[in-house]
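Here's the letter readout for the chains.
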Amino acid sequence: KGNITRIDSSSELYLLRMLENGRIKLAVITEHVGLWIIAKNEFSGQFKQSRKAVDATGYRLVFAKRFKPFVETFNQELKSLKSNGELDRIISKYR
């Protein structure tokens, strides 16, 4: 049996660089962030992504109180983007 050592990092890019250089054996990174960093830093094809999620976390946007009047408009537009598929098209650009 082996041991697992946790290494915290404030940068997902740094985690991927450590993985690339063999300093660590795996990295836990949010899927969309990881895919975007891999695409933007020419890591394509260097890593294998697990299809099994470690966790499922919903995203929330938090606005300052001064934006309270805007939040309802934002929520309506977000609902529209989800229902017409535009949000998925936008997100797919970063995968």
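The coordinates are above.
What you see is a predicted model; the values in this text were computed from it and never measured.

Student: Can you help me understand the packing of aromatic side chains in this one?
Tutor: Remark: the centre distance and the inter-plane angle together describe each pair of aromatic rings, the angle taken between the planes. Going through the model one piece at a time under the given rule, you end up with 4 aromatic pairs. Taking the centre distance of 5.4 Å and the plane angle of 55° together, the rings of Phe43 and Phe47 count as tilted. Centroid distance Phe63 to Phe70: 5.9 Å. Interplanar angle 70°. Geometry classified as edge-to-face. Owing to a relative accessible area of 29%, Phe63 belongs among the partly exposed residues under this scheme. Following the ring pairs from residue to residue traces out a cluster consisting of Phe63, Phe70 and Phe74.

Student: Got a minute to help me understand the environment of Ser80 in this structure?
Tutor: Residue placement: Ser80 occurs in helix α3 (residues 68-83). With 41 residues separating them along the chain, Ser80 and Ala39 place their C-alpha atoms 28 Å apart.

How each quantity is defined
- Residues numbered from 1 in each chain as written.
- Predicted model: local features only at pLDDT ≥ 70, side-chain atom pairs only at ≥ 80, totals over all residues.
- Heavy atoms only, no water.
- Phe/Tyr/Trp six-rings, centres within 6.5 Å; stacked < 30°, edge-to-face > 60°.
- Buried < 20%, exposed > 50% of the residue type's maximum accessible area, 1.4 Å probe, protein only.
- Helix = DSSP H or I, 4+ residues; strand = E, 2+ residues; numbered from the N terminus.

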